[in-house]
Every structure is written in C-alpha cells, then in structure tokens.
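Commentary on secondary and tertiary structure
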Amino acid sequence: MSNNTECVHTDFYVRRLHSLLGIVPIGFFLLEHVITISQVLGGGHAFDAAVAKLAAIPHDILITLEIVFIAIPLLIHGIYGMYIAMQAKLNPGRYGYMRNKQFTLQRITAWYLVPFLLWHVGYLRFIVKGSEGISFAQMSSYLDNPIVFALYVIGLVAAIFHFTNGLFTFSITWGISKGPRVQSVVNKMAWGLFVILAAVGVASMFAFIG
Ligand code: HEM
C-alpha cells in the first residue's frame with residue numbers, strides 16, 4: 001500500500017471518530033447539561049437540587065467520568081475539528097442554498113465554541129466550582145453582567161445548533177440517511193430539535209437573572 005493510500009485511510013477513520021465523538025459522548029453530555037440547566041425553570045431551589053444530585057457522585061468517579069467522557073473526546077473533536085474547519089472546503093453548488101448556509105454555520109459555531117468553551121470551562125469549572133458544585137446564587141450574579149449574559153446565550157445557542165445540525169450531517173456521514181427525501185426529513189427533525197432545545201436553553205438563561 002502506498003503512503004498516499006494509507007493517508008486516505010487514516011483520514012477516513014479519524015473523520016469517522018471525529019463524527020462519532022460529536023454525538024457520543026459530547027452530544028449526549030450537551031443534552032444532559034441542558035436538562036440540568038433547565039431545572040432552573042422550576043426555581044433556584046430546583047436548580048440547586050439538580051446540582052447537588054450530580055455533586056453526590058463520588059469525587060473520584062466524577063473526575064474519571066469527566067476526563068474519559070468529556071475532556072478527552074472534546075479535545076480530540078475540537079482539535080481535529082479546527083483542522084477540518086481550516087481546510088476551506090466550501091462545496092459551492094453541491095447542495096441547495098439552505099444546506100450551504102448550514103454548512104457555514106456549522107463552522108462559525110465551531111469557531112465560536114473554541115474560545116467560549118475554554119472560558120466557560122476554565123472559569124466556572126476550574127475557578128468558581130468547589131467540591132459542592134455551582135449554586136443558583138453564584139450563576140445569577142455571574143449572568144447579571146449583560147456582556148457575560150449575551151456571550152453565554154450565544155454560546156449555548158451555538159452549541160445547540162452545532163449539535164443538532166451535526167446530528168443531521170452525522171446521519172449522512174454514516175450513511176444512515178440516504179437520498180434527498182430522507183435527508184430532508186432528518187434535516188427538518190434536526191431543526192425541530194434545535195428550536196426546542198434553544199427555547200428551553202434561552203428561557204433557562206433568563207430564569208437565572210429573572
Ligand atoms: C458542544 C460541543 C460540541 C458538540 C456537541 C459537537 C458535535 C458535533 C457533531 C455531532 C458533528 C457532526 C459530525 C458529522 O457530520 O458526522 C460535528 C461536526 C463538526 N464539529 Fe463539532 N461539536 C462540538 C464542538 C466543536 C468544536 C469546539 C469544534 C472546533 C473547531 C468543532 C468542530 C467541528 C467541525 C469542523 C465539524 C464539521 C465536520 C464535517 O463537516 O465533516 N466542534 N460536531
């Protein structure tokens with residue numbers, strides 16, 4: 001096998017790994033995260049109770065889960081994602097107008113998520129969070145700053161779009177949705193999920209400052 005063929009094969013498998021990690025476990029974690037945050041819609045106490053439940057997981061197990069199922073997959077997906085996003089493959093004319101817009105938005109949200117996740121995880125997980133988790137009171141005073149609030153709303157909506165549009169492209173990458181009709185149905189379902197998750201996410205953000 002020539003070096004070139006080996007490269008093409010490696011690229012194929014790394015791309016599949018990148019794609020899979022976007023759903024399992026990162027996408028699943030995002031879903032869990034939105035559900036936890038949305039507990040604030042039931043009031044500050046409900047949010048604190050949800051955080052306390054997560055904090056009740058023994059520390060060593062929690063750290064291991066965070067490293068194995070969040071940090072490592074996100075690092076691999078993010079680093080390889082930057083490599084993909086830097087290859088200016090803008091497929092003009094291959095898909096319809098809307099699909100091209102979605103392709104561009106997938107990359108814009110990816111680039112927004114790089115500094116946003118570094119800031120979000122770096123500050124809230126490593127600086128603010130003690131062993132008990134973050135309280136409603138801490139979050140509401142943090143989000144009281146309108147700039148922080150706006151950047152968080154954009155970050156949350158960007159992550160949700162990147163994930164739901166990613167579900168659609170994932171189904172194509174893996175040959176699950178073949179043909180324009182099925183793809184159009186899956187795309188609509190992905191948009192539906194985006195609207196639901198974004199509405200719940202943004203309403204939750206307002207509940208922190210409301
Ligand atoms: C909230 C965190 C993230 C989640 C849940 C997530 C999820 C996903 C999913 C499900 C896909 C679709 C895979 C496919 O089409 O087969 C995807 C694609 C992509 N992700 Fe992420 N991702 C996240 C963060 C990032 C970050 C930080 C980057 C960094 C640049 C990134 C870059 C990309 C790129 C470039 C693609 C498009 C791949 C392609 O068109 O082939 N993602 N992501």
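Residues numbered from 1 in each chain as written. Predicted model: local features only at pLDDT ≥ 70, side-chain atom pairs only at ≥ 80, totals over all residues. Heavy atoms only, no water.

1. Some words on the packing of helix α4 (residues 59-86) against helix α5 (residues 97-128)
- Direction vectors running N to C along α4 and α5 enclose 150 degrees, while the axes themselves pass 10 Å from each other. When you trace α4 past α5, the crossing you get is left-handed. Where α4 approaches α5, its residues I63, E66, L74, M82, I84, A85 and M86 are matched on the opposing element by R107, W111, V114, L117 and R125.
- For the contact of α4 with α5, a count of residues per class yields nine nonpolar, no polar and three charged. (Axes fitted to C-alpha atoms, helices over the stretch in contact; angles between N-to-C directions. Helix = DSSP H or I, 4+ residues; strand = E, 2+ residues; numbered from the N terminus. Left-handed = near helix turned anticlockwise from the far one by under 90°. Contact = heavy atoms within 4.5 Å. Nonpolar A, V, L, I, M, F, W, Y, C, P; charged D, E, K, R; others polar.)

2. Details of the site of the ligand
- Not every one of the 21 residues close to the ligand is listed here, only the nearest: S19, H77, H162, T169 and T173.
- In this structure, a nitrogen atom belonging to the ligand sits 2.8 Å away from a side-chain N or O atom of H162.
- In this structure, an oxygen atom belonging to the ligand sits 2.6 Å away from a side-chain N or O atom of T169.
- Looking at the shell around the ligand, the elements with two or more residues in it are α1 (3-23), α2 (26-38), α4, α5 and α7 (146-173).
- Its residues placed into classes, the shell around the ligand shows seven nonpolar, twelve polar and two charged. (Near = heavy atom within 4 Å. Polar contact = N/O pair within 3.5 Å; in protein donor to acceptor, adjacent residues only side chain to side chain.)

3. Here's the deal with the coordination of the iron atom of the ligand
- Protein-derived coordination of the iron atom of the ligand comes from H77 (NE2) and H162 (NE2), at a distance range of 2.0 Å.
- The coordination sphere of the iron atom of the ligand comprises six donor atoms, whose angles at the metal cover 88 to 179 degrees; the geometry is octahedral. Taken together, the residues span a long stretch of sequence, with H77 in helix α4 and H162 in helix α7 at a distance of 85 residues. Here H77 matches H162 in class, with each residue buried. (Donors = N, O, S within 2.8 Å, 3.2 Å for Na, K, Ca; no water. Tetrahedral: all angles 85-135°; square planar, octahedral: opposite > 155°, others 65-115°. Buried < 20%, exposed > 50% of the residue type's maximum accessible area, 1.4 Å probe, protein only.)

4. Here we look at helix α3 (residues 44-55)
- The first and last C-alpha atoms of α3 sit 16 Å apart over twelve residues, in line with the 16 Å expected at 1.5 Å per residue.
- Looking only at α3, the buried set comprises G44, F47, A50 and V51. End-on view of α3: buried residues confined to an arc of 125 degrees, all on one side of the axis. Facing away from the buried surface of α3 by more than 90 degrees, the exposed residues are H45 and K53.
- The inward-facing, buried residues of α3 abut α2, α6 (136-142) and α8 (180-209). (Expected span 1.5 Å × (residues − 1). Arc of directions from axis to C-beta.)

5. Quick word on the pattern of salt bridges
- Evaluation of the coordinates by the stated rule reveals one salt bridge.
- Among the salt bridges present, the one from R125 reaches E66, with a minimum N-O distance of 3.0 Å. Of this pair, R125 sits in helix α5 while E66 sits in helix α4, and the two are 59 residues apart along the sequence. (Salt bridge = Lys/Arg side-chain N within 4 Å of Asp/Glu carboxyl O.)

6. Here we look at the packing of aromatic side chains
- All told, the structure shown has 15 aromatic pairs when counted by the stated rule.
- Consider the rings of F116 and Y152, whose centres lie 5.1 Å apart with planes at 75 degrees: the pair is edge-to-face. In this pair, F116 sits in helix α5 while Y152 sits in helix α7, placing the two residues 36 residues apart along the sequence. The burial state of F116 is the same as that of Y152; both residues are buried. (Phe/Tyr/Trp six-rings, centres within 6.5 Å; stacked < 30°, edge-to-face > 60°.)

7. With respect to the side chain of H18
- Residue position: H18 is located in helix α1.
- Those residues in contact with H18, other than ones at most four positions away along the chain, are H77, Y80, G81 and I84.

8. What to know about the environment of T36
- Position of T36 among the secondary structure elements: in helix α2.
- T36 sits in the buried class, given a relative accessible area of 14%.
- Sequence-wise, T36 and V24 are twelve residues apart; in three dimensions their C-alpha atoms are separated by 18 Å.
- Excluding anything up to four places from it in sequence, T36 contacts F47, A50 and L54.
- Separated by 2.7 Å, the side chains of T36 and E32 make a polar contact.

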